[in-house]
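Here is how the chains run, residue by residue.
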Amino acid sequence: MRKGIFSIVLAAALVLTMVLTPAVVADNENGNGCDDCEPLMVVDLIAGQNMGVGTVTVENDDEKLCVTYALNEEALDEGWGIYETHLAIGNELADIPQTRGNRWGTNPIPGQFEYGDDELEGVEEWAFCILLEDLDVDYEDELYIAAHAVVKRLAGYGDAVSATIYGVGTVVGNENEGNIYVIYPLAQETDVIFEDVWGEANMTPGPRWYPNALAFDEENGRLYFTLDQNSLYFFDVKTEAVVDADPDNKFSNDDNVLGAAFGDGYYWYLINRSNTLGKVTFNGDGIVTDVAKSAMVGAPALTQGDIVYDDRMIYGSSGTGAGGIRGFFSYHIEEEEFIILYEDPSYLSLQLAWGLDEYGEKVLYGHRGIEGWWCTIDLETGLNAKLETEENDLWTTDRLEDLASGFEYEEIWEDETAWGEGERFNKRGNWGMWFEYKICDPCPEAQLLLNTGAEEGMNHWDFTPSVVRSIDERLQSTGMVYSRSGDYFFDFTGADVSAEGIGYAASMSQRVDVTGYDGCPFTAGGWIQTELWPDSAKTDIEDNDYGKLIVTFYDIDDNVLESFTTGIIGNPVKGHPTTDGRQYAEFDLAGAVPAEAVYAVYELEGYLIQGAFINVFYDDLYFWVGK
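What counts and how
- Residues numbered from 1 in each chain as written.
- Predicted model: local features only at pLDDT ≥ 70, side-chain atom pairs only at ≥ 80, totals over all residues.
- Heavy atoms only, no water.
- Helix = DSSP H or I, 4+ residues; strand = E, 2+ residues; numbered from the N terminus.
- Buried < 20%, exposed > 50% of the residue type's maximum accessible area, 1.4 Å probe, protein only.
- Contact = heavy atoms within 4.5 Å.
- Areas by Shrake-Rupley, 256 points an atom, 1.4 Å probe, with all protein chains shown as cover.
- Pairing = 2+ DSSP bridges.
- Axes fitted to C-alpha atoms, helices over the stretch in contact; angles between N-to-C directions.
- Phe/Tyr/Trp six-rings, centres within 6.5 Å; stacked < 30°, edge-to-face > 60°.
- Lys NZ or Arg CZ within 6 Å of the ring centre and 35° of its normal.
- Disulfide = S-S within 2.5 Å.
- pLDDT = per-residue confidence, 0-100.
- Salt bridge = Lys/Arg side-chain N within 4 Å of Asp/Glu carboxyl O.
- Core = buried A, V, L, I, M, F, W, Y, C linked by side-chain atoms within 4.5 Å.

Peer 1: Let's hear about the overall build of the chain: which residues, and what values?
Peer 2: Counting its regular elements, the chain contains five helices and 40 strands. Here the chain holds 627 residues, and 50% of them are scored as buried. Look at the contacts in the chain between residues 6 or more apart in sequence, and 64% of them connect residues 24 or more apart. Surface accessibility of the chain: about 28900 Å² in total, with carbon and sulfur atoms responsible for 45%.

Structure, rendered in structure tokens:
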């Protein structure tokens, strides 16, 4: 946000136009099961007692507590920025600096809050973190927080406080120059701020009257000019770069430009030897997006002069031309009214620019480069008054082919105090607020899988293809007794085995919500039993039926963040269940939940390599997060 030379802070009683947004308090938003405390709390940031301008977010991990102030889109669109923050965090409410108070309560003293920054430059967001050990807190301890801010916005502009006149010199002796000047008419001084725009634009110098058609976009600091009949460039006064403003060749002045001016976000220009007024529209980067042309109603052909813009009004000078005038005129764009204010031969090639006089009043300056003299022009009569200055070489040898003007205005600011929404310190008067936050273990231990051993049949699992059964189903049909209860198993009865001995694979998976567990450790695994039946001579895992665990994490857009796998797994003893017995082996994975993960897919696979019946059993599965 741009800061002005002068600032006027409006009273808090100004009428506020922003829509009040409802309070948002989102306890336990990370869903990690920490139900009695707030690992992530969001409260509204309220300005002027009833204006929602953003949020204050408080969250903790296992090392630190962080507080973030953030403005919402509505506030940013209105031009608000954060200029000061004051933050108090205490183990007791009394730890927050307050006055002694009265029967209605106390008043907070933001200037004495321990944390914050009072030298911000209109930021959209501000964040602060502090170690839990520095706060002397442990999990489930309560904290009292008061979050105060000062928000401001530029409400408008007052009087002009400074003016800059820009010019281009095209001829020194008989050479085409192409330099950009800053000009001080009253002091008769000129400074070159950029040399040779021709070279910077990779163009060969053209006719002596180019560069021309200067117009300054003061909001973005862009000085527009033409270098030939079909080009439009700008000089960025901030980066000191010359930029092609018309790479798609949408601008063409058809002959050459009489004069140009900038106003209301548009580049206005007149085509020489005509009464055609052009209006150029730009995108945010200053590049031409549209060019519109129309005749100035009632105007004759105009030539060899310049124009300026002021509140939908064009003022201009003109030399002689077929059916034209030599003098000073005005044209109201909306009312389409052309007026010849004054006719005078001296207005031939008179260049125009707004500036300030010795009393700080806005005036229109004119400069006739042929003779090197300056004047001021009366907007009511069009009469000119030459400046009473001594001539010197600077003014008589440098020909200024065109002028442009830019102003800095007195900035008017609105200033509001803002608080993170909560309980008021004082029931009447001061409306400062505080709220409670309870420290939570960000990684509480939790089993996130459902139906881990088929105790509920096939519920909560997805199968591809549907060859997975539960032990309960098998026991009902065979009467066999297994060493573990509630198993899942892959039944490949009737499946074909390829000629290479690579058999059939199937999977069972479950989607697990891991929102809020960013960075928390996890362990995933269970128990597995694989068998080779009837060929028990195979001893390598990959030659026998085997399984595999894969855990894959995804973000909110279903993009894969990270994937973990055990590789192939199987227990050491394989064989006939009645002769070799059923033995299970534990398997597991370990890692950390990736940042921005919102869910994981826990997937178990079963591979049939030899035999034609059951190959892999799973039981007591788990997906633990936390310490």
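Peer 1: Give a detailed account of the sheet that holds strand β13 (residues 233-236), specifying residues and quantitative values.
Peer 2: Across the sheet, four strands lie side by side as β11-β12-β13-β14; this open sheet has antiparallel pairing. Two strands close off the open sheet at either side, each with one partner strand: β11 (212-217) and β14 (241-244). On average, adjacent strands in this sheet sit at an angle of 25° to one another, irrespective of strand direction. Here β11 runs beside strand β12 (residues 222-226); their pairing, made up of four bridges, is antiparallel. Each residue of the ladder has a partner; that of Asn-212, found in β12, is Thr-226.

Peer 1: Break down the packing of aromatic side chains for me, citing the residues and quoting the values.
Peer 2: According to the stated counting rule, one finds 36 aromatic pairs in the structure shown. Geometrically, the ring pair formed by Trp-268 and Tyr-309 is stacked, given 5.6 Å between the ring centres and 10° between the ring planes. Pair noted here: Trp-268 is in strand β16 (residues 266-271) and Tyr-309 is in strand β19 (residues 306-310), with a separation of 41 residues, a long-range link. Classification of Tyr-309 by relative accessible area gives buried; the value is 9%. Among the aromatic residues, those joined into a cluster by ring pairs are Tyr-224, Phe-234, Phe-251, Phe-262, Tyr-267, Tyr-269 and Phe-282. The ring of Tyr-266 carries the charged tip of Lys-279 above its face, separated from the ring centre by 4.4 Å. The side chain of Lys-362 reaches across the aromatic face of Trp-354, ending 4.7 Å from its centre.

Peer 1: Before we move on, could you go through the environment of Thr-530 and cite the residues and values that matter?
Peer 2: Of note, Thr-530 is situated in strand β35 (residues 521-530). Overall, Thr-530 belongs to the buried group, its relative accessible area being 0%. Placed 15 residues apart in sequence, Thr-530 and Asp-545 show a C-alpha to C-alpha distance of 6.1 Å.

Peer 1: Break down unusual backbone geometry for me, with residues and values.
Peer 2: Backbone phi values are negative for most residues with the exception of glycine, while trans is the configuration of most peptide bonds. Of note in the backbone geometry, Asp-196 takes a positive phi value of approximately 60° without being a glycine. Looking at where Asp-196 falls in the secondary structure, it is placed in the loop between β10 (189-194) and α3 (197-200). The residue Gln-304 is not glycine, and still its phi comes out positive at about 50°. Locating Gln-304 in the fold gives a position in the loop between β18 (288-295) and β19.

Peer 1: Help me get a handle on the state of the cysteines, residues and values and all.
Peer 2: Scanning all chains against the criterion turns up two disulfides. Here Cys-443 connects covalently by a disulfide to Cys-520, the sulfurs 1.9 Å from one another. Measuring handedness by torsion sign, the sulfur bridge of Cys-443 and Cys-520 sits at about -80° and is left-handed. Placement of the pair is Cys-443 in the loop between β29 (433-438) and β30 (446-447) and Cys-520 in the loop between β34 (504-513) and β35, with a sequence separation of 77 residues. Residue Cys-443 shares its accessibility class with Cys-520, and that shared class is buried.

Peer 1: Can you break down the pairing of strand β5 (residues 80-90) residue by residue, with the values?
Peer 2: The buried fraction of β5 amounts to 10 of the 11 residues, a majority that puts the element mostly inside the structure. Where β5 and strand β6 (residues 115-117) come together, three bridges link them in antiparallel fashion. Note on β6: the bridge partner recorded for His-86 is Gly-116.

Peer 1: Could you give an account of the confidence of the model for the chain, with specific residues and numbers?
Peer 2: Should pLDDT be low for a region, the predicted coordinates there are not to be read in detail. Averaged over the chain, the pLDDT score is 82; the fraction of residues at 70 or greater is 81%. A low-confidence stretch, residues 1-33 stays under pLDDT 50, and its non-local contacts, those more than four residues away or across chains, total 96 contacts. Residue range residues 392-397 is modelled with pLDDT below 50. Its contacts to residues more than four positions away, or to other chains, number 15 contacts.

Peer 1: I'd love a proper account of the pattern of salt bridges, names of residues and values included.
Peer 2: Summed over all chains, the structure comprises six salt bridges. Here Glu-414 makes a salt bridge to Arg-153, at a shortest N to O gap of 3.2 Å. Here Arg-153 lies in strand β8 (residues 142-172) and Glu-414 lies in strand β27 (residues 399-420), a separation of 261 residues in the sequence. For the salt bridge of Asp-264 with Arg-312, the shortest nitrogen-to-oxygen distance reads 3.6 Å. With Asp-264 in the loop between β15 (257-263) and β16 and Arg-312 in the loop between β19 and β20 (313-318), this pair connects stretches of sequence that are 48 residues apart. In this structure Arg-312 comes out as partly exposed when scored by relative accessible area, which is 22%. Sharing partners across several salt bridges, the network here consists of Glu-78, Arg-153 and Glu-414.

Peer 1: Which residues make up the nonpolar core, and what are the values?
Peer 2: Grouped together as the largest cluster of nonpolar side chains are 38 residues, with contacts concentrated most on Phe-490, Val-514, Val-551, Phe-553, Tyr-602, Leu-621 and Phe-623. Among the elements of the structure, β33 (488-491), β34, β35, β36 (546-554), β37 (560-569), β38 (585-592), β39 (599-608) and β40 (614-625) are those that each provide at least two residues to this core. Counting residues in hydrophobic clusters, the runner-up holds 34 residues, among them Ala-75, Leu-120, Val-137 and Ile-439.

Peer 1: Residue-level account of the sheet that holds strand β25 (residues 373-377), with values.
Peer 2: Paired through their backbone hydrogen bonds, the strands of a sheet run either parallel or antiparallel. Pairing is antiparallel in the open sheet, where four strands are placed in the order β23-β24-β25-β26. Two strands close off the open sheet at either side, each with one partner strand: β23 (350-356) and β26 (384-386). For this sheet the average axis-to-axis angle between neighbouring strands, irrespective of direction, equals 35°. As judged from the five bridges shared by strand β24 (residues 362-368) and β25, these two strands associate in the antiparallel manner. Following the sheet pairing, Leu-364 is matched in β25 by Ile-377.

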